Amino acid sequence: MRTTAAEALGVEVGVLLAGMGGVSGPELAAAVSNAGAAGCVGGYKLVGEHLTTMLKRLAAGTDKPVGVNFIPEVVGARELTEQLEQLLGETPESVYVSLFGLPEDAVFDRVAASGRRLVVQVGAVEDGVRAAERGAVVVAQGIEAGGHLLGHDPRDELVARLRDRLPDACVVAAGGIGSPDDAAVALAAGADGVLLGTAFVVARESAAHPYFKEAVIGASGADTVITGVYEIGWPNRRHRVLSTAVTENPGQAKNFIGRTTIEGKLFLVPRFSAAVPTDSTTGRVEEMAMYCGLSCDAITRAPSAAEIVAAFDRVLRGHAVAETGKES
Ligand SMILES: Cc1cc2nc3c(=O)[nH]c(=O)nc-3n(C[C@H](O)[C@H](O)[C@H](O)COP(=O)(O)O)c2cc1C
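Quick caveat, the model's predicted, so the values are computed rather than measured.

(A) Geometry of the packing of aromatic side chains. Here the structure, examined in full by the defined rule, presents one aromatic pair. Where Phe 100 meets Trp 234, the ring centres are 5.6 Å apart and the plane angle is 90°; that geometry is what we call edge-to-face. Taken together, the positions of Phe 100 in strand E4 (residues 95-100) and Trp 234 in the loop between strand E10 (224-227) and strand E11 (239-242) put the pair 134 residues apart, joining distant regions of the chain. Classification of Phe 100 by relative accessible area gives buried; the value is 11%. Note on Trp 234: relative accessible area 7%, which makes it buried. The ring of Phe 108 is capped by Arg 134, whose NZ or CZ atom sits 5.8 Å from the centre of that ring.

Structure below.
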């Protein structure tokens, strides 16, 4: 039977925070979950003691359903298994697993056996069908999205085609959703909830660098570009970012332009690094990868996470009533 994203994840509001590495830290994830939506931290490459630190801070921040995001193609099968086992062993059942792109079949089986909810983001119909058949909530990412791009289709076309193929699956729309009106359009195309990245980059609790937040607030969709230049650490995947001196002139040297710390782990940032500038980043922030969706068109200020969730609440609840005939 078809369920809303809120029902599938056991939350009040069918808004999912994208698990953005370096941006969606425990403070932002907990604030989103405590506001009634589905928070998520970006686990990115964290493993071992650094991941443990993040999971502890997440547990201290909320006892509501909340997710941890990993990226199978960045870490590879062996390290993904390590991250996943750590997550399953160190967190309560209310913590769901979020993945960017399809994992190997064994991962679906392991998460199912653990009793956790699994959310998988895809950019193509066949990938969505595969994820849904294995019991995952499917996030349909359109090319409007900020960050790395999994496919080539506009969001609502992908949502509508997935809905057609999967009448009973839980399908969440992602990409270019910056306002409740944008969310209403995606829901009308057949989505059961929405996932927001860029809209939460600017949130007060987000760990994005202040320069990055201001740039998103000041930008329009025309200031974003789809490029492959921020490839160090995550090669061979196109991404939508704010246009910078690096996207405009990619022929520059690959020297170090800054440093950043994530959960106590220090990284040097070379020019062309895939790492986003965070509140711990120093150096030439303006040249770094500032992932940003077309959603920035609707983003004009820096509210708290709870304000963002509240703004989307009405349209999501209205949708739940229309689809299921009952209040959620
Ligand atoms: C700054 C930033 C970082 C991101 N990092 C991740 C990540 O680590 N893992 C992930 O699954 N998706 C990541 N994404 C992509 C989101 O999951 C999602 O596809 C996208 O944000 C949706 O489009 P929107 O930004 O217009 O809302 C990131 C997006 C942004 C803007």
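(B) Inspection of the packing of helix H4 (residues 72-90) against helix H5 (residues 105-114) at higher detail. Following both chains from N to C, one finds H4 and H5 inclined at 5°, their axes separated by 12 Å at the closest point. With respect to H5, the axis of H4 lies roughly parallel. Along its contact with H4, which presents Leu 80, Leu 84, Glu 85 and Leu 88, the element H5 presents Val 107, Arg 110, Val 111 and Ser 114. By residue class, the composition of the contact of H4 with H5 is five nonpolar, one polar and two charged.

(C) Local environment of the state of the cysteines. Taken as a whole and judged by the stated rule, the model has zero disulfides. This cysteine, Cys 40, is not joined by any disulfide, and Cys 170 carries the nearest cysteine sulfur, 15 Å off. Not engaged in a disulfide, the cysteine Cys 292 finds its nearest cysteine sulfur in Cys 296; these two sulfurs lie 3.8 Å apart. Given a relative accessible area of 0%, Cys 292 falls into the buried group.

Definitions and limits used
Numbering of residues begins from 1 in every chain and follows the order in which that chain's sequence is written. Side-chain atom pairs in this predicted model are given and counted only at pLDDT of 80 or more, local residue features only at pLDDT of at least 70, and totals for whole chains, interfaces and linings cover all residues. Think of the side-chain values as coming from all heavy atoms in the structure, minus any hydrogens and water. Here is the rule: rings of Phe, Tyr and Trp (six-membered ring for Trp) pair when centre to centre is within 6.5 Å. Planes less than 30 degrees apart are stacked, more than 60 are edge-to-face, and the remainder are tilted. Counting from the N terminus, the helices are the DSSP runs of H or I reaching at least four residues and the strands are the DSSP runs of E reaching at least two. Relative accessibility decides the category of a residue: with a 1.4 Å probe and only protein chains considered, values under 20% of the type maximum give buried, values over 50% give exposed, and everything between is partly exposed. Any Lys NZ or Arg CZ found within 6 Å of a ring centre and within 35 degrees of that ring's normal is scored as a charge over the ring. Fitting a line to C-alpha atoms yields each axis, with helices limited to the stretch in contact; the angle taken between N-to-C directions then spans 0 to 180 degrees. Each angle is binned into one of four classes, with values under 35 degrees roughly parallel, values over 145 roughly antiparallel, values of 65 to 115 roughly perpendicular, and all other values oblique. Note on contacts: a residue pair is in contact if any heavy atoms of the two residues lie within 4.5 Å. Note on residue classes: Ala, Val, Leu, Ile, Met, Phe, Trp, Tyr, Cys and Pro are nonpolar, Asp, Glu, Lys and Arg are charged, and everything else, Gly too, is polar. Two cysteine sulfurs form what is called a disulfide whenever their separation falls within 2.5 Å.

Interpretation note: all reported values are geometric properties and have no functional meaning in isolation.
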